[in-house]
Amino acid sequence: PSLEVGFFERKRLNAGSIYGIDCSGLVARAAVIAGIPYFFKNTYTLAQELRRIKHGEQLEEGDLIYFGGHVIIIADIARNTLIEARSYDH
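Rules behind the numbers
Residues numbered from 1 in each chain as written. Predicted model: local features only at pLDDT ≥ 70, side-chain atom pairs only at ≥ 80, totals over all residues. Heavy atoms only, no water. Helix = DSSP H or I, 4+ residues; strand = E, 2+ residues; numbered from the N terminus. Buried < 20%, exposed > 50% of the residue type's maximum accessible area, 1.4 Å probe, protein only. Contact = heavy atoms within 4.5 Å. Areas by Shrake-Rupley, 256 points an atom, 1.4 Å probe, with all protein chains shown as cover. Core = buried A, V, L, I, M, F, W, Y, C linked by side-chain atoms within 4.5 Å. Salt bridge = Lys/Arg side-chain N within 4 Å of Asp/Glu carboxyl O. Pairing = 2+ DSSP bridges. Axes fitted to C-alpha atoms, helices over the stretch in contact; angles between N-to-C directions.

## Regarding the overall build of the protein chain
Across its full length, the protein chain holds two helices and three strands. Written out in order from the N terminus, the α and β elements of the protein chain read α-α-β-β-β. Every one of the 90 residues in the protein chain was classed for burial, and the buried ones make up 16%. Counting contacts in the protein chain only where the partners sit at least 6 residues apart, residues at least 24 apart contribute 28% of the total. Total accessible area on the protein chain stands at roughly 8100 Å², and carbon and sulfur atoms take up 55% of it.

Below, the structure written as structure tokens:
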């Protein structure tokens, strides 16, 4: 079956939202939903414990990319898509 994906764009607000989920919370929740064991509560412990990829190693869907206190999930390599939680100002 074909999967349709939609999106919406929220108009810029004067004040940032105080509700939502940050990047590490998004990754943790996605792992729970997918049934993947995941024990990191924040990006600091994630950065300390996860294995770094080696030069020339191919990325795979579901891999995590960490940089500068932010983590993203590789969703679809063929379509160059990522999953991440970002602020409205980002």
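## Details of the nonpolar core
For soluble globular proteins, nonpolar side chains are generally found buried alongside one another. Cys-23, Val-27, Ala-31, Tyr-38, Phe-40, Leu-46, Val-71 and Ile-73 together form the largest nonpolar core, which totals eight residues. For this core, the secondary structure elements donating two or more residues are α1 (23–34) and β2 (70–76). Excluding its chain neighbours within four sequence positions, the residues that come into contact with Phe-40 are Ala-28, Thr-45, Leu-46, Glu-49 and Leu-50.

## Notes on the pattern of salt bridges
This model, assessed by the stated rule, comprises three salt bridges. Between Arg-51 and Glu-57 there is a salt bridge whose closest N-O contact spans 2.9 Å. For the salt bridge of Arg-86 with Glu-84, the shortest nitrogen-to-oxygen distance reads 3.6 Å. For Glu-84, a relative accessible area of 30% puts it in the partly exposed group.

## Remarks on the environment of Ile-21
Inspection of the secondary structure puts Ile-21 in the segment before α1. Distance from Ile-21 to Arg-86, taken between C-alpha atoms, is 8.8 Å for residues 65 residues apart in sequence. Setting aside anything within four residues of it in sequence, one finds Ile-21 in contact with Leu-26, Arg-29 and Ala-85.

## Quick notes on the sheet that holds strand β1 (residues 64–67)
The three strands are arranged β1-β2-β3 in an open sheet whose pairing can be described as antiparallel. Where the open sheet ends on each side, the last strands, each with one partner, are β1 and β3 (81–83). Each neighbouring strand pair of the sheet contributes to a mean axis angle of 35°, computed without reference to strand direction. Each of β1, β2 and β3 touches α1; the most contacted strand, β2, lies at about 45° to it.

## A word on the pairing of β1
Relative to β2, β1 is paired through four bridges, and the arrangement is antiparallel. Bridge pairing links Leu-64 to Ile-73 in β2. Taking the residues between adjacent antiparallel strands as the criterion, β1 and β2 are bridged by two residues, where Gly-68 takes a positive phi near 50°.

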